[in-house]
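Tertiary structure, described
This is what each chain is made of:
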Amino acid sequence: MNPLTFAARRLGAALIILLILIATMFTLSHLSNTDPAHAYLGAGASKAAVAAERVKLGLNLPITTQFLHYVGNLLHGNLGVSYRTRNPVTQDLAEYLPATMELAFYAIILALLLGLALGIATAARWRGARILKFVMVSGASAPLFLLALLGILLFYGHLGWLPATGRTSIPNPPTGPTGFLTIDAILAGRFNVLLNALQHLIMPATVLAIGPAVSIGRVLRGSLVTVLREDYVRTARSKGLRDRAVLLRHALRNALGPALSMTGLQAGLLLAGDVVVEQIFAWPGIGYYAAQSIPVGDFPAISGVTLVLGLFYVLINALVDILQRVADPRVRA
Amino acid sequence: MIRVRPAGGAGRSLCTAALPATNGRAATGPVVGKVTDDHPNTRRTPTVTVGSGSLAAPRQRTGPVASVKDLSVTFRRNGRNLQALRGVTLDISSGEVLALVGESGSGKSVLGLTLLGLHPQKTTTIAGHVEVCGQDVTAAKPDTWRRLRRSSLGAVFQDPMTSLNPTMRIGRQIAEVAGSRAEGVRLLNAAGIPDAERRLASFPHELSGGLRQRVMLAMAIAGSPRLVIADEPTTALDVTVQAQILRLLRGLRDDLGMAILFITHDLGVASQLADRIAVLYGGRIMELGPASEILDAPAHPYTAGLLRSRLTLSTARQGPVGTLPGEPPDPTTPPAGCPFADRCALVLDRCNSEIPTPSTWTKSHDVACWRTGGVVGQEQGHATPWVDPAPAPGLAILLHDVAKSFKVRRGLRSQRIWSLRGVDLEIAPGEVVALVGESGSGKSTLLRAIAGLLEIDRGSIELGMTGSPQMVFQDAGASLTPWLSVATLLKERLAGSNAPAAGREERARAALRAVGLPQEVAAAKPRELSGGQRQRVALARAIVVPPPVLLCDEPTSALDVSLAATILNLVGQLRRDLSMAVLFVTHDLAVARVVADRVAIMYLGRIVEIGPVDEVVDRPRHPYTAALLASVPEPGRTLDAARGEPASPLDIPTGCAFEPRCDHASDACLTSDPVLELAGPPTVDPVRLAHKAACLHRLGSDLARAAGREAGREESR
């Protein structure tokens, strides 16, 4: 199949998944006991004011019409107004999202790198593979919050190597244009900020990455062991290639498919863990934002966060599928 | 003609230089990378030509390039010791082709991998003495082996479909050993790959099987190795392509002067190439000598048995074919004496207790048998001819214009590939018809369509009698449910019939008896049985309710020669006892000749020739049939390979589909698509048995044979 056709189809499927997610969010918000009109006007509002607000918000319309309005608003980038901050949710998200994206980006990269290292080392039985496996599996078995707290105790409290909270401790960090502090710092030429931001990233990113890394590593090990028994690996050996060339040039690419799928799946779990990790490390991202919105039943904010995370998840998996086709020419044909 | 400029004289000349120091002490290793193609020697090497009429003087053939003494190789597998090789002593001389012949489990591939140093170190124990290229490598480190493989060894393996890296372009794979693009192109040219420059950008799956094996060969000869290990390099190929590859191997050896260890299960293939033949059985060498002596006058009963059970185009077919009863010994518990003792008709008392030491039979011909001198002329008595049942009226199978296509996606469009393009066939009750063709000919598709496993697009399939046809597949292991006992598998088929429950046990036992299996097998699970036994179980399952039609899909092609013969005899017996019509798919004309009454040759979804077996084999009228026949490797026969490979069913040539490969084609063949027409004697009764061919220039019998002989003579010149 043509790569473009495939990409188009895959994205089409992603859209359908998103639509289902939207419908679910809509249904949930209607099943809850929170009345948006009440929420906006506060507890002391008169009945007449509430009724007027209901008409204003379109809550008197039939439910199907309300859903169409909801989807229409979404398409226009209108996610409603947060009960709590009184700001449009889009505006809030724009403020919090870059921090989360930066953290998630580094966490996924780290998970991939650690996963590759674990998978290759255990499949090729490199020296030290067992120690690596022991450390990583122990890390992955511990609950996220415990790992995060232990990390803070050790590296911040005891050793004082790493900061414990926030994105940076330097005042007036650069604020544009990407929202990724590390990239903005480079663009602004402020390398002290870059260094500082990376120091702040290390702990939360590692805590987020370790679980996915072990899953990716295990899947990669499994497929590598299978591939290393293939005839073409024997051919590569018979040519007198070095073990490393056989492993990295011939075996790895053929074994990458399952590990890539796993990365896509794990990216979802990683986003789920993000909410916890942002809370502990006071990371000003949408996980932090969501954690503030949930106790007060701020539905527009919650559904905004959910949709954004869902969008991420779907896009990452679509990307993985496309990457797999790039990795294996036989599927392309 | 293929033009070759052997490069990398560096690697080999050094190795050769090291040779005089070989006697006894280990010479310093010839450690030269294959990537040294910019060595000054390369450019000065004169251009030579591969093929007949080579200009290259044969290289000096002195000293062994590899030798093993008293070699034993033991694998540790699932807590048991598997003794793959036991006390093998062998020299491979420089520039010779030594064929290592044996059945599965004989240890022939193990020896090849030992000489390449490719056994997993942790689970393999190697005892004895191994020397490659003058270097003692019995306990060599992985890195020593790696450098040796890089500089002096090459390898070609059985399955070209799986032996090339699917995600790497041909160009990169060959550059790993060739060092440069130009050298890569030169090697591909030497291996007879047309349009080599363009092929560099291809992925393996874009090439045909034959081309892929040529790529493997090109990689194996990079840097002019002193020894190429070729492990069943033609077994997975179509017979016409096999003939081409054998010819290429011979040409490369003549020009480059490397030694070849040619591992094969087929003495006929070995006969095409080998200077010497070593026959391996149960991990031991039974016989080792010049190819002609081994083939003409085998001194070991096992070799004689192998030759006898080998099917050829002249095997007597009036009765059961000669077989070699029994099965090879279990490598976990090897016998104390001769491994062949319990299958040997000439066994002596001491054979069971003492291992025969190799003794000299003639000069340069050793045999490991206590009965030296007593073997030759030990022929099996003539088998009693088959008794054919009286012909039954009517038809068992009637096919009319059967066509089948599959949808494949190609880019945005989906395309239909026509796997069957209009097949007519009539089979009488009790008659056996063999469907012969190369891969992609549609023979298996036709079988599955008759079995009702596929919907056809066009035409009609009528089965004359009640009862459903039964199928027997190539891989009996995969077609038997692994967790069910044999008895359950057999009784399962009786469940649908109206046989009384009490009689089912007895019916199952009777079926096992009919296929010659002991009753104990009933309790066994398929994995506890050998390949031959599993195929018998598959047959037993097919006949436990005698079917009117038995459909066999290459049931013998995964089996060793001796087992294949017994299965064919069994099919011959059963079809006569049960008056079954049999449609037998095979790629092997020698098998078809023995098992069938009539043979239908298929090419790209059509029957191109059909007729009584003897008619078709002795007087082929279609050039394709003639080409198939000329490709069958047999001792003392020079192969005449057809050009090219079967066209893809995706892209069937217009006019006659065989025209692009045909030596007899005329302009008319480009446009007119011939149909089956009478090619033999006009008066045949019944008409079904007539000899027909779909060719504008149906070969006259005399004409075709003369042409074949002429080609053969030219080849040997």
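Just so you know, the residues in each chain are numbered from 1, in the order the chain's sequence is written. Labels follow written order: the first chain is A, the first ligand is 1, and so on. Since the coordinates come from a predicted model, pLDDT governs what is reported: local features require at least 70, and pairs of side-chain atoms require 80 or more to be given and counted, while whole-chain, interface and lining totals use all residues. Side-chain calculation: all heavy atoms of the structure are included, whereas hydrogens and water are not.

1. Concerning the pattern of salt bridges
- Whenever Lys or Arg places a side-chain nitrogen within 4 Å of a carboxyl oxygen from Asp or Glu, that contact is recorded as a salt bridge. Inspection of the entire model under this criterion finds 31 salt bridges over all chains.
- As a salt-bridge pair, Arg 310 of chain B and Asp 266 of chain B come within 2.4 Å of each other at their nearest N and O atoms. With Arg 310 of chain B in the loop between helix H12 (301–309) and strand S13 (359–362) and Asp 266 of chain B in the loop between strand S10 (259–264) and helix H10 (267–271), the pair connects residues that are 44 residues apart, well separated along the chain. An identical accessibility class is assigned to Arg 310 of chain B and Asp 266 of chain B; each is buried.
- A network of salt bridges, in which partner residues are shared, links Lys 239 and Arg 249 of chain A together with Glu 176 of chain B. For the purposes of this entry, the term helix denotes a DSSP run of H or I that reaches at least four residues, the term strand denotes a run of E that reaches at least two, and both are numbered from the N terminus. Exposure classes here rest on a 1.4 Å probe applied to the protein chains alone. A residue is buried below 20% of its type maximum, exposed above 50%, and partly exposed in between.

2. Structural notes on the packing of aromatic side chains
- Think of it this way: a Phe, Tyr or Trp ring, Trp meaning its six-membered ring, pairs with another when their centres are within 6.5 Å, and the plane angle makes it stacked under 30 degrees, edge-to-face over 60, tilted otherwise. As enumerated under the stated definition, the model contains 12 aromatic pairs over all chains in all.
- Seen from their ring centres, Phe 26 of chain A and Tyr 70 of chain A are 5.3 Å apart, and the 50° between their planes marks the pair as tilted. Of this pair, Phe 26 of chain A sits in helix H1 (residues 3–31) while Tyr 70 of chain A sits in helix H4 (residues 63–75), and the two are 44 residues apart along the sequence.
- For the ring pair Tyr 281 of chain B and Tyr 302 of chain B, a centre distance of 4.4 Å and an interplane angle of 50° mean the geometry is tilted. Of this pair, Tyr 281 of chain B sits in strand S11 (residues 276–281) while Tyr 302 of chain B sits in helix H12, placing them 21 residues apart in sequence. Across the pair, Tyr 302 of chain B and Tyr 281 of chain B agree in class, each one buried.
- An aromatic cluster is defined as three or more aromatic residues linked by ring pairs; in this entry it consists of Phe 26, Phe 67 and Tyr 70 of chain A.

3. Section: the packing of helix H5 (residues 89–123) of chain A against helix H9 (residues 191–228) of chain A
Residue and element names in this part refer to chain A.
- Contact pair H5 / H9: the axes reach a minimum separation of 5 Å and the direction vectors enclose 35°. As for the relative orientation of H5 and H9, their crossing is right-handed in sense.
- Classifying every residue of the contact of H5 with H9 by side-chain character gives 24 nonpolar, five polar and two charged. Helix axes are fitted to C-alpha atoms over the stretch in contact, other axes to C-alpha atoms as well, and angles between N-to-C directions run from 0 to 180 degrees. Helix crossings fall into two classes, left-handed where the near helix is turned counterclockwise from the far one by less than a right angle and right-handed where it is turned clockwise. The classification used treats Ala, Val, Leu, Ile, Met, Phe, Trp, Tyr, Cys and Pro as nonpolar, Asp, Glu, Lys and Arg as charged, and all other residues, Gly among them, as polar.

4. Concerning the domain arrangement of chain B
Residue and element names in this part refer to chain B.
- Here chain B is described as being made up of domain 1 (64–278), domain 2 (418–481 + 490–499 + 507–596) and domain 3 (618–717).
- One C-alpha centre belongs to domain 1, the other to domain 2, and the line joining them spans 35 Å.
- Contacts between domain 1 and domain 2 engage seven residues on the former and five residues on the latter.
- Of the roughly 550 Å² buried where domain 1 meets domain 2, counting both sides, 34% is carbon and sulfur surface. For every domain, the bounds stem from an assignment made automatically or drawn from a database. Any pair of residues with heavy atoms lying within 4.5 Å of one another is described as a contacting pair. Here the buried area means the combined drop in accessible surface, using a 1.4 Å probe, for two parts upon being joined, counting both sides.

5. Some points on the interface of chain A and chain B
- Tallying the contact residues gives 24 residues for chain A and 28 residues for chain B.
- Here chain A meets chain B over a buried area of about 2500 Å², counting both sides, of which 54% is carbon and sulfur.
- In this structure, the connection of chain A to chain B is made through two salt bridges.
- A salt bridge links Arg 249 of chain A to Glu 176 of chain B; its shortest N-O distance comes to 2.5 Å.

6. Observations concerning the packing of helix H6 (residues 129–141) of chain A against H9 of chain A
Residues and elements named next belong to chain A.
- Following both chains from N to C, one finds H6 and H9 inclined at 125°, their axes separated by 8 Å at the closest point. The angle between H6 and H9 falls in the class oblique. Remark: the crossing between H6 and H9 carries left-handed chirality. Where H6 approaches H9, its residues Lys 133, Met 136, Val 137, Gly 139 and Ala 140 are matched on the opposing element by Ile 210, Gly 211, Ala 213, Val 214 and Arg 218.
- Of the residues belonging to the contact of H6 with H9, the class tally is six nonpolar, two polar and two charged. Any angle that is under 35 degrees is reported as roughly parallel, and any over 145 degrees as roughly antiparallel; angles of 65 to 115 degrees are reported as roughly perpendicular and all others as oblique.

7. Some points on the sheet that holds strand S25 (residues 692–693) of chain B
Residues and elements named next belong to chain B.
- If you walk across this open sheet you meet the eight strands as S19-S20-S21-S17-S22-S23-S25-S24, and the pairing is mixed. Either end of the sheet is taken by a strand with one partner, and the two such strands are strand S19 (470–472) and strand S24 (677–678).
- Two strands pair under a simple rule: DSSP has to find at least two bridges between them. Taken together, the two bridges between strand S23 (residues 606–612) and S25 define a ladder with antiparallel strand orientation. The partner of Glu 609 across the bridge, within S25, is Ala 693.

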